[in-house]
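# Residue-level structure breakdown
For reference, the chains in residue letters:
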Amino acid sequence: MSTIFQNAHIINPQSNLDYTGSIRVSVDGFIEEIIQGECDKSPDDRIIDLQGKLLVPGLFDMHCHFREPGQEYKETLESGSKAAVAGGFTGVALMPNTKPVIDSPLGVAYIRHNAQQLPVDLEVIGAMSEGSKGEQLAPYGKFRSYGVKAVSDDGTAIQNSQNMRLVFQYASNFDLLVIQHCEDKSMTAEAVMNEGVFSTKLGLKGIPDVSEAVMLCRDLHLIRYIVEHELHDPANKPRYHVAHISTKASLDLVRQAKAEGLQVTCEVTPHHFTLTDEDLFNAPSKGNFIMKPPLPSKKNRAAILEAIADGTIDAIATDHAPHAPHEKECPPDQASFGIIGLETAVGLTITELVEPGIITLSRAIELMSVNPRKILQLDPLLFAQGERANFTIIDPEEEWALTANAVKSKSTNTPFLGRKLKGRAIAVYHKGMFHESVTSQEHFSV
Ligand code: DOR
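As a starting point, this report considers the structure included with it. For clarity, every value in this text was computed on a predicted model and none was experimentally measured.

What counts as what
- Residues numbered from 1 in each chain as written.
- Predicted model: local features only at pLDDT ≥ 70, side-chain atom pairs only at ≥ 80, totals over all residues.
- Heavy atoms only, no water.
- Helix = DSSP H or I, 4+ residues; strand = E, 2+ residues; numbered from the N terminus.
- Rg over C-alpha atoms; globule rule 2.2 N^0.38 Å.
- Buried < 20%, exposed > 50% of the residue type's maximum accessible area, 1.4 Å probe, protein only.
- Areas by Shrake-Rupley, 256 points an atom, 1.4 Å probe, with all protein chains shown as cover.
- Lys, Arg positive; Asp, Glu negative; His and termini not counted.
- Charge placed at Lys NZ, Arg CZ, Asp CG, Glu CD.
- Core = buried A, V, L, I, M, F, W, Y, C linked by side-chain atoms within 4.5 Å.
- Contact = heavy atoms within 4.5 Å.
- Phe/Tyr/Trp six-rings, centres within 6.5 Å; stacked < 30°, edge-to-face > 60°.
- Polar contact = N/O pair within 3.5 Å; in protein donor to acceptor, adjacent residues only side chain to side chain.
- Near = heavy atom within 4 Å.
- Nonpolar A, V, L, I, M, F, W, Y, C, P; charged D, E, K, R; others polar.
- Axes fitted to C-alpha atoms, helices over the stretch in contact; angles between N-to-C directions.
- Parallel < 35°, antiparallel > 145°, perpendicular 65-115°, else oblique.

## Digging into the overall build of the chain
Check the secondary structure of the chain and you find 14 helices and 19 strands. Scaling as 2.2 N^0.38, a compact globule of 446 residues should have a C-alpha radius of gyration of about 22 Å, and the chain matches this with 21 Å. Across the 446 residues that make up the chain, the buried fraction comes to 60%. Accessible surface for the chain amounts to roughly 17200 Å². Of this, 50% is attributable to carbon and sulfur atoms. When the 41 positive and 57 negative side-chain charges of the chain are each reduced to one mean point, those points stand 3 Å apart.

Quick look at the structure:
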């Protein structure tokens, strides 16, 4: 007995597929057949009709905070995984700013062990420095032997340039990707939102947008210096990824670095391509509009959209950052930074980017599945006979809105509750299991 997913619009840019067809999956979760049109059926096959739905490689979110260990009141590995499935993700990479910080093989082993029975793959990003304090480096060699692919001190950033130079040297020796949260802290202390007319009107301390590019520029110069003077093996060129990029100046720096041939990539979040500091200004309750980097100015949002369209931006990542109500329902200058994002990412990408014609559906899948896996050097998801079945089913036409009751994350801190979205992830198939995020009566004729 197999399961046949038929009449699906199959898109897999990795395998160059874009047609209406069928996938036959074995009981143990392997692709037995994938063809344009319909598969031959046996009487005991289970048929799932996907008329009008997309079947795409499992989405991967390369930037999430699941808060376990240490802050399970906000999110656990289990609740975060449920939110991921509801959003159509079959894998996520977890940032190490838990309590304690994941700065040792023990922390990596803890997450790996607990991830085994979860429906999604959890990749562990190791801390760049011990306790993410920016001083002593974490044990990169041990990280590598535990299968870690990247290091980051996300949420903060190494301010000391000599220490950052060492990060690049050691990370490239162990072939680890360096993921940077670009923020020059000397410019952002006590600041809450983008510095500009709206921060002035609200009387809130502003984060000057240049604080992102200042750090990015430093890092790119360190990389150039290392490549020119300190590299013994050209195969060890540093690989650098800019987390949640949010300004025109930063995007111009990435463009220039790519043109030079540096191994630089960047991601954007749905909230940074959707909202601006004016939305924060107009919001009656501002906590869920507070995050780092802050919501951009109109000009920076326009630059983000341009960089998504011209291919400068390589990936969409949510920066899923759960916080409890008491940490968000408070004056903006006391709110914790960050919002949840897994469950609205597909809807926002289709509504804000695909519907207005900024990118195609196929490019959206590259940004949300193919490229994050490439950047982290994970195995590609090929749609071919004998490969593991790992895919996401999306209804590109469904109009819907997320409600607080429907949220699967343990936290509900999102500015997108009640916002009308077009396009929704409705199921994933991974690890031999079919998980529906919404009821099958509405979506599948089985
Ligand atoms: O808004 C944010 N929240 N930005 C970050 O970089 C960290 C995150 C968190 O951990 O809450």
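Still more ground to cover, so stick around.
## Overview of the nonpolar core
Judged by nonpolar contacts, the single largest core of 98 residues is most densely connected at Leu122, Tyr140, Tyr240 and Ile308. In terms of residue count, helix α6 (residues 210–230) provides more of this core than any other element does, seven residues in total. When sequence neighbours within four positions are dropped, the list of residues in contact with Leu122 reads Phe66, Leu77, Ser81, Val92, Leu94, Ile111, Arg112 and Ala115. By size, the runner-up hydrophobic cluster in this structure holds 21 residues, among which are Ile23, Leu50, Phe383 and Tyr429.

## Digging into the packing of aromatic side chains
A complete count under the given rule lists seven aromatic pairs for this structure. Note on Phe5 and Tyr429: the rings are 5.9 Å apart at their centroids and 75° apart in plane angle, and the pair reads as edge-to-face. Of the two residues, Phe5 sits in strand β1 (residues 3–12) while Tyr429 sits in strand β18 (residues 421–430), which places them 424 residues apart along the sequence. There is no split in this pair, since Phe5 and Tyr429 are both buried.

## What to know about the side chain of Ser437
Considering the arrangement of structural elements, one finds Ser437 in the loop between β19 (433–436) and α14 (440–443). From its side chain, Ser437 meets the backbone oxygen of Ala425 in a polar contact 3.1 Å long. Apart from the residues lying within four places of it in its own chain, the contact partners of Ser437 are Val85, Ala86, Ala425, Ile426 and Ala427.

## Concerning the site of the ligand
In the neighbourhood of the ligand, 14 residues make up the surrounding shell, with Arg67, Asn97, His181, Lys292 and Phe337 lying closest. One of the side-chain N or O atoms of Asp319 is found 3.5 Å from a nitrogen atom in the ligand. Note that an oxygen atom of the ligand is positioned 3.1 Å from one of the side-chain N or O atoms of His323. When isolated, the ligand has an accessible area of 290 Å², and the protein chains bury 93% of it. Per-class residue counts for the shell around the ligand are three nonpolar, seven polar and four charged.

## Quick word on the packing of helix α7 (residues 248–260) against helix α10 (residues 298–309)
Interaxial distance between α7 and α10 falls to 8 Å at its minimum, and their mutual angle equals 30°. By the criterion of interaxial angle, the relationship of α7 to α10 is roughly parallel. Judged by residue contacts, Lys248, Leu251 and Arg255 of α7 engage Asn300, Ala303, Ile304, Glu306 and Ala307 from α10. Looking at the contact of α7 with α10 residue by residue, the classes come out as four nonpolar, one polar and three charged.

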